[in-house]
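# Inside the fold
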Amino acid sequence: MNWGSWQNFLAMGGYGLYVWGSYAVTLVVLIAEIVALIARRRGVIERLAKYYAARRRNHETEA
Amino acid sequence: MGMSKTGRFSWYYFSSPQSFYPLAGVLQPWFAGLAVALCAVGLYISFFVAPTDATQGDAYRIIFIHVPAAWMSMFLYLVMGFWSGVGLVLNTRLSSMVATALAPTGALFTFIALWTGALWGKPTWGTWWVWDARLTSELILLFLYIGFMALQAAIDDQRRADKAGAVLALVGVINIPIIYFSVKWWSTLHQGASVSMTSAPTMAKTMLLGMLIMALGFWMYSIAATLARVRCVILERERHTDWVAAEIGGQS
């Protein structure tokens, strides 16, 4: 498949809006999920680290 | 890894969250890498190898994400239903965690299938949406995923949340054959199955190849995303155990 020029490639035979609208939203959705997963992992580790630190402090004051 | 105390390999070993957590961590980057590679090859075929369609022009190129996303939306639901069922019957914690981890990715692929379908429907059918059996049952699938997540989030007691979610997931499985066969059972604007086991392919070979490689890419992506999410779920739910405390202690 030879598109000839970038203009032709972006135009997608007149269906550019529909084709690129589909691919762009798919890409955004998948990247958003990846970012959310990285943020969730960081958040979980941070929260649990605080939770264990608080638990250690409680044990020390009890003892 | 994977060895029982007697030295024999055992699948049961990995049914404990503690042993699955590191395994998922090792496997996840491999599936992520495969997803990137397959999608790169798939996209190249989709745009530079596959020819322009004789009847639909280049609008048909939406097929390379629409059909794989629709397949994943249904397949992930079946996998979610399966692990929900296993968790319900055998009371294995990891099964329920995997089901929980699958839902958001399944919902996203359902959304992608609906979105790309609308953008494909407009130029080919002249409408973004029709309330026909295929489109409506796929929309119901999105609501099932969202319902599953909302129900689990609404119940504080984890065991009850897992059970309620599993019942909803299993009841919803009935929707999958309805989606799949809807184009046969009811008259619809939507075209029939893109790939059939019983008849010769109607698509050009390069079109079919691009679609299948994209489907494999989405599949690998789904596994990578689910493994990453199940690791978060495991840490959250097993936080009262010593091994998670040790794991977090080593992290920070």
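Read on for an overview of the structure. This structure is a prediction, so every number in the text was calculated from the model and none was measured.

Reading guide: rules and limits
- Residues numbered from 1 in each chain as written.
- Chains lettered and ligands numbered in written order.
- Predicted model: local features only at pLDDT ≥ 70, side-chain atom pairs only at ≥ 80, totals over all residues.
- Axes fitted to C-alpha atoms, helices over the stretch in contact; angles between N-to-C directions.
- Helix = DSSP H or I, 4+ residues; strand = E, 2+ residues; numbered from the N terminus.
- Parallel < 35°, antiparallel > 145°, perpendicular 65-115°, else oblique.
- Left-handed = near helix turned anticlockwise from the far one by under 90°.
- Contact = placed C-beta atoms within 7 Å.
- Nonpolar A, V, L, I, M, F, W, Y, C, P; charged D, E, K, R; others polar.
- Core = buried A, V, L, I, M, F, W, Y, C linked by C-beta atoms within 7 Å.
- Buried ≥ 20, exposed ≤ 12 C-beta atoms within 10 Å, placed from the backbone.

A word on the packing of helix α2 (residues 63-90) of chain B against helix α6 (residues 175-185) of chain B. All names here are of chain B. At their nearest, the axes of α2 and α6 sit 10 Å apart, and the two run at 160° to each other. Judged on the interaxial angle alone, α6 and α2 are roughly antiparallel. Note that α2 runs across α6; the crossing there is left-handed. Contact residues: α2 offers Met74, Tyr77 and Leu78, while α6 offers Ile176, Ile179 and Tyr180. When its residues are assigned to classes, the contact of α2 with α6 shows 6 nonpolar, no polar and no charged.

So, about the nonpolar core. Within soluble globular proteins, side chains that are nonpolar tend to cluster in buried spots. The biggest cluster of nonpolar side chains holds 72 residues, and the ones touching the most others in it are Ile62 and Ala224 of chain B. Of all the secondary structure elements, the ones that give two or more residues to this core are α2 (16-62) of chain A together with α1 (17-49), α2, α3 (93-125), α4 (133-154), α5 (158-172), α7 (205-237) and α8 (242-251) of chain B. Tallying contributions element by element places α7 of chain B first for this core, with 17 residues. Excluding residues that lie within four positions of it along the chain, isoleucine 62 of chain B makes contacts with Tyr18, Val19 and Ser22 of chain A together with Thr116, Leu119 and Trp120 of chain B.

Moving on, we get to the interface of chain A and chain B. Listed per partner, the contact involves 23 residues of chain A and 34 residues of chain B. Tallied by class, residues from the side of chain A that touches chain B come to 16 nonpolar, 4 polar and 3 charged.

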